[in-house]
Amino acid sequence: MSIERVKNISIDPFDYPLPDERIAKFPASPRDSSKLLVYENGTIRQDNYYNLDQFLPEDAVLVLNDTKVVEARLLFQKNTGSTIELFCLEPASFYSDIVTAMTETGSVDWICLVGGLKKWKEDQLISSRVENGKTIELSAQRIEKEGDAFLIRLRWNAPEMSFAEILHLFGNVPLPPYIKREVNEKDASDYQTVYAHHDGSVAAPTAGLHFTESLFEKLKTKGIQQQFVTLHVGAGTFKPVKADNLGDHEMHAEYIDVSLEFLKHYLAKINQSKIAVGTTSIRTLETLYWLGVKCKANLIHSLDDLTLSQWDAYELPQDFSAEESLSALIQKMTALKAERILQKTQLLIAPGYQIRMVDAILTNFHQPKSTLLLLIHAFVGENWRTIYDYALEHDFRFLSFGDGSLLWLEK
């Protein structure tokens, strides 16, 4: 598909009515009791997540995103009683990666959205907590404006503590903006997959919220395998497309972290059925494909080149197989003596995009006029509307805490 055609895609046809009462405010309990819509070759079936094993072949490989949501909302109480909120989006650009920034001690520079900005008159905000009998103080200082956010310098008086630990002590769970209720104690675990491992996300990879240890046991009994990648989800995942055409929309960039070992394992399973758990997993996998294409095109000369911009997928050569691409990426990483890829991807998967790395996706139901809905079009084409109409008519719950779907690629 030509880049000009992609840039001219209008977002208006990807709208649909979503009443507030259809947005799930709380997760299903237990998690795997959520409804599951199964779409394959034009046919829709309805079941529950705990029966997922019945809809996957025995040799299937599930690819899951093991990122961990951090407590990214910091609240600072002023003497006047008013509250200023910092929503930690991503580290300052001079950090090499998010892992490095999360392990910083003593201080860190972070790009944050500021709630109650007009009330922030003084130079610094200060908050305190008592941890193991010691008073820990956290201060916030504005450095400069960054678009609609600010670069904030955060300092704390416990140099033995990492920023990840500081967030855990001071922060609050960053529920999505469309979940209009107060955060409760259960959200810290409910808004986290049972396999979350690497700190870094400000939003959960919500397709994974349906999985339980007992469901994993059922899948394992059937011989269905799990493999893990990491994409740290940014707040941009909730950003609607406000431009009339895609060419005027800037896709958010997010960090991926993928090991050379994963690439080798995945290449070995390339001819088996592969299912991405969530849009973040598929964006990671498809990014790996295009990084391999860049290797084939001799565009990768160092680890710093292992990035993907918004339009790369529409400008690079289109005729390599997934096997050829992964082989080239493995070969290049081996030559560079690199054990992992830790870089940003800005991949935009739009209507007309050819999915190359999986056969199906497990995913929730997404917001109108979102890039996630555009991604769904790449799997099922115009049938996305039939699927969403069915979900609305059959009382499926929508968005992060909602029900899910298994969508097979159109043959």
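Quantities reported herein were computed from a predicted structural model and do not represent experimental measurements.

1. Considering helix α3 (residues 163-170)
Logical step 1: In terms of burial, α3 is a largely internal element, six of the eight residues being buried.
Logical step 2: For α3, the full list of buried residues reads F163, A164, I166, L167, L169 and F170.

2. What to know about the pairing of strand β2 (residues 43-48)
Logical step 1: As defined by bridge partners, strand β1 (residues 35-40) adjoins β2 across six bridges and the pair is classed as antiparallel. From the neighbouring strand, K35 faces β2, where its bridge partner is N48.
Logical step 2: Following β1, the chain reverses through two residues before pairing antiparallel with β2; N41 in that reversal takes a positive phi of roughly 50°.

3. Observations concerning the packing of helix α7 (residues 279-296) against helix α9 (residues 322-335)
Logical step 1: Relative to each other, α7 and α9 sit at 70°, their axes nearing to 7 Å. On the basis of the axis angle, α7 is roughly perpendicular to α9. On α9, the residues that touch L288, Y289, L291, G292, V293, C295 and K296 of α7 are A322, E324, S325, A328, L329 and K332.
Logical step 2: Residues belonging to the contact of α7 with α9 are distributed by class as follows: eight nonpolar, two polar and three charged.

4. Focus on the pairing of strand β17 (residues 404-408)
Logical step 1: Taken across its five residues, β17 has five buried, putting it largely inside the fold.
Logical step 2: Of the two faces of β17, the one carrying G404, L406 and W408 and the one carrying S405 and L407 are both buried.
Logical step 3: The pairing of β1 with β17 spans four bridges and is parallel. Each residue of the ladder has a partner; that of Y39, found in β17, is L407.
Logical step 4: As paired elements, strand β16 (residues 360-364) and β17 share five bridges and run antiparallel to each other. Following the sheet pairing, A360 is matched in β17 by W408.

5. Describing the packing of aromatic side chains
Logical step 1: Scanning the model with the defined rule gives 23 aromatic pairs in all.
Logical step 2: Taking 4.8 Å as the distance between ring centres and 85° as the angle between the ring planes, the aromatic pair formed by Y289 and W290 counts as edge-to-face. The exposure classification of Y289 matches that of W290, with both residues buried.
Logical step 3: Centroid distance W311 to Y314: 6.4 Å. Interplanar angle 55°. Geometry classified as tilted.
Logical step 4: Aromatic rings pair up to connect F14, Y16, F365, W384, Y388, Y390, F396 and F398 into one cluster.
Logical step 5: For K35, the ring lying beneath its charged end belongs to F396, and the centroid distance is 5.1 Å.
Logical step 6: Between the NZ or CZ atom of R181 and the centre of the ring of F26, over which it lies, the distance is 4.0 Å.

Calculation criteria
- Residues numbered from 1 in each chain as written.
- Predicted model: local features only at pLDDT ≥ 70, side-chain atom pairs only at ≥ 80, totals over all residues.
- Heavy atoms only, no water.
- Buried < 20%, exposed > 50% of the residue type's maximum accessible area, 1.4 Å probe, protein only.
- Helix = DSSP H or I, 4+ residues; strand = E, 2+ residues; numbered from the N terminus.
- Pairing = 2+ DSSP bridges.
- Axes fitted to C-alpha atoms, helices over the stretch in contact; angles between N-to-C directions.
- Parallel < 35°, antiparallel > 145°, perpendicular 65-115°, else oblique.
- Contact = heavy atoms within 4.5 Å.
- Nonpolar A, V, L, I, M, F, W, Y, C, P; charged D, E, K, R; others polar.
- Phe/Tyr/Trp six-rings, centres within 6.5 Å; stacked < 30°, edge-to-face > 60°.
- Lys NZ or Arg CZ within 6 Å of the ring centre and 35° of its normal.

Distances and angles like these do not, on their own, reveal function.
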